[in-house]
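Structure assessment
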Amino acid sequence: MERFAIIGFGCAGYHALEAIRQAGCGAAVDVYSETNLPPYNPMLTTYYTAGRLPYEGMFPFGTLKQIAARLQARFITDTRVVKVDAAARTVTADDGNCRPYDKILVATGATAFVPGSFAGLKGTFCMRTVDDAVKLHDALAAREYRSAVIVGASMVGIKVAELLYNRGCHVTLADMAPHIFALAAYPEVSEMIEERLREMGIDMVFGQAIAGAEEHTDGAGNVTGCTVHIADGRVIETELLVLNVGTRAATGVLDPAQVQIERGIVVNTRMETSAPGVYAAGDCCQANNLQSGQTQIIGLWANAGVQGRVAGRNMAGVGDEADGNILHNITHFLNMDFIGLGDNRLTGQVYVDQSPDKGFYLQTVVRDGKPVGFNILDNYGVSGILKAHLIKVLRGQPNRFSPEQRGQLIRYGLDERFIDHLEARTYD
Ligand SMILES: Cc1cc2nc3c(=O)[nH]c(=O)nc-3n(C[C@H](O)[C@H](O)[C@H](O)COP(=O)(O)OP(=O)(O)OC[C@H]3O[C@@H](n4cnc5c(N)ncnc54)[C@H](O)[C@@H]3O)c2cc1C
């Protein structure tokens, strides 16, 4: 009987196992997880911390016992894989066990990156794992924080800002980038969001590095607060410091001499790495970006699911491919919806559709007769159609909406003339 291994049981690992079984493959599967938890959805961690979701709500696929009954695998939990030898086809875990495999999926995700200047701090928080969510949840239950500095003005940072703001905490959002959502938003849209945040009383320190922070402790050694040093010399006193500076793909189990690794593990459209029998999926890998034609980490929940499924089907011997994805962010925060589609660095003809009565703002860039990116504020209903359209055009299909899509866009309040611009229609 063939023996498969799956390293990491998050979104990608779960979908791979499910695809293996749905393909009718009876291989023995060893699933390694460094925790004893079922797969969780990191997007839901802030909802748990905010008290808006019960603990169990973070685990969309049920308990490990339920999953084991459905999908038949050996779960090797509380066990961290330290090394995959792609030549010998073995997996070594931190308990010293070394087991053989025929095919392996690396689905180790990403870890929160904490810069060296913060490494010695005991009382700071991150938001990535269930443990991170529980730690902040419990800290908020134990103490009423009046001020917080959140480093990292990303989709994660803003969700943490939201939950603290809603508890009455004074929030300062800081980032080295000049604007909020620097990797997804056009500067004009960032400025609109920042204006709204300012009106709510949220402070922002952008375009400056955080040089470091010192913690203050009480007599018992408990951290009571922190002095945050901004690179331009300013200091901020805060009771709570949350770091969401970025993530790093967890690629350390593989040997770069055996498997091609750049920022992530490089995979093709079948989720195969450069080493035979080794697959990778999810936040640890870089697959095709349809827009750039280069491989890139696109750290999205749905992307990890698709990649996991494709890897699982190929491991099971049922050929499958995912031709790639585009950069894509959707977030709801502080009564706003922001959606960024495509690479926000691409320039071209800019068109705006703004409806003060319907309260939305939509900005697009059209280049060489095709849309290359969208920013949508407060009109999430159009995002599915626009994302599908962007991908369709990138796949070489005509830049035309179907009559049904056009009708839906108009129903969501878009101006017909704006839709014409998206299709690069010219007027005499
Ligand atoms: C706070 C937050 C908000 C987010 N919001 C959104 C959003 O709004 N929309 C969106 O699309 N995406 C969002 N994401 C991203 C999305 O959650 C990820 O892209 C997705 O969960 C990646 O799944 P994965 O399976 O690749 O990795 P993970 O879910 O990280 O799973 C990897 C698993 O591997 C385990 N592991 C790692 N190394 C080892 C090892 N050596 N041995 C054993 N086990 C190991 C880890 O413990 C982990 O359980 C968000 C992420 C976070 C953190």
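1. What about the site of the ligand?
Taken together, 35 residues sit near the ligand, with Gly8, Gly10, Pro42, Gly109 and Gly282 positioned nearest. For the shell around the ligand, the secondary-structure elements that each account for two or more residues are α1 (11–22), α2 (45–49), α5 (155–165) and α7 (301–315). Taken together, the residues that form the shell around the ligand break down as 19 nonpolar, twelve polar and four charged. Two domains each donate at least three residues to the shell around the ligand, and these are domain 1 (3–111 + 247–315) and domain 2 (116–243).

2. Regarding the nonpolar core
Formed by 114 residues in total, the largest nonpolar core has its most connected members in Ile6, Ile7, Ile104, Leu105, Val106 and Ala281. Examining the composition of this core, we find that eight residues originate from one element, α5, more than from any other. Sequence-distant contacts of Ala281, that is, excluding residues within four places in its chain, are made with Ala12, Ala16, Leu105, Ala107, Met271, Ala304, Gln307, Gly308 and Ala311.

3. Comments concerning the pairing of strand β24 (residues 360–367)
Judged from the seven bridges that link them, strand β23 (residues 349–355) and β24 form a sheet pairing that is antiparallel. If you follow Ser355 over to β24, its bridge partner there is Phe360. Linking β23 back to β24 in an antiparallel pair, the connection comprises four residues, with Gly359 at a positive phi of about 80°. In textbook terms, the turn of a hairpin is the stretch between consecutive antiparallel strands, and for β24 and strand β25 (residues 370–377) this stretch comprises two residues, one of which, Asp368, has a positive phi near 50°.

4. What to know about the domain arrangement of the protein
Splitting the protein by domain gives domain 1 (3–111 + 247–315), domain 2 (116–243) and domain 3 (346–422). Once you take the C-alpha centre of each, domain 1 and domain 3 turn out to be 34 Å apart.

5. As for the sheet that holds strand β10 (residues 170–175)
In spatial order, the strands read β11-β10-β9-β15; together these four strands make up an open sheet with parallel pairing. Each edge of the open sheet carries a strand with a single partner, namely β11 (203–206) and β15 (240–243). Averaged over all adjacent pairs, the angle separating strand axes in this sheet is 15°, with direction ignored. Sheet topology places β10 next to β11; four bridges connect them, and they run parallel. By the bridge assignment for β11, Ala174 is matched with Val205. Its contacts with the sheet put α5 on β9 (147–151), β10 and β15, and the angle it makes with β10 is roughly 170°.

6. Remarks on the pairing of β25
In terms of residue burial, β25 counts as a mostly covered element, since seven of its eight residues are buried. Bridging between strand β22 (residues 336–342) and β25 involves five bridges; their strand directions are antiparallel. By the bridge assignment, Gly342 is partnered in β25 with Gly373. When β24 meets β25, the two strands line up antiparallel, connected through seven bridges. Considered in β25, the bridge of Gln363 is made with Asn375.

7. Concerning the sheet that holds strand β21 (residues 328–333)
Judged by pairing direction, the sheet is antiparallel, and its five strands sit side by side in the order β21-β22-β25-β24-β23 without closing on themselves. Strands with a single pairing partner mark the edges of an open sheet, and in this sheet they are β21 and β23. When the angles between neighbouring strand axes are averaged without regard to direction, this sheet yields 15°.

8. With respect to the environment of His216
With respect to the secondary-structure elements, His216 resides in strand β12 (residues 210–217). His216 sits eleven residues away from Thr227 along the chain, and the two C-alpha atoms are 7.9 Å apart. Contacts of His216, omitting those with residues within four sequence positions, involve Thr224, Gly225 and Cys226.

9. What to know about the environment of Ala249
Along the polypeptide, Ala249 turns up in strand β16 (residues 247–249). C-alpha separation for the pair Ala249 and Thr111, spaced 138 residues apart in sequence, amounts to 6.5 Å. For Ala249, the residues in contact, after removing those within four places along its chain, are Ala110, Arg263, Gly264, Asp283, Cys284 and Ile297.

Rules used throughout
Residues numbered from 1 in each chain as written. Predicted model: local features only at pLDDT ≥ 70, side-chain atom pairs only at ≥ 80, totals over all residues. Near = placed C-beta within 6 Å. Helix = DSSP H or I, 4+ residues; strand = E, 2+ residues; numbered from the N terminus. Nonpolar A, V, L, I, M, F, W, Y, C, P; charged D, E, K, R; others polar. Domains from an automatic or database assignment. Core = buried A, V, L, I, M, F, W, Y, C linked by C-beta atoms within 7 Å. Buried ≥ 20, exposed ≤ 12 C-beta atoms within 10 Å, placed from the backbone. Contact = placed C-beta atoms within 7 Å. Pairing = 2+ DSSP bridges. Axes fitted to C-alpha atoms, helices over the stretch in contact; angles between N-to-C directions.

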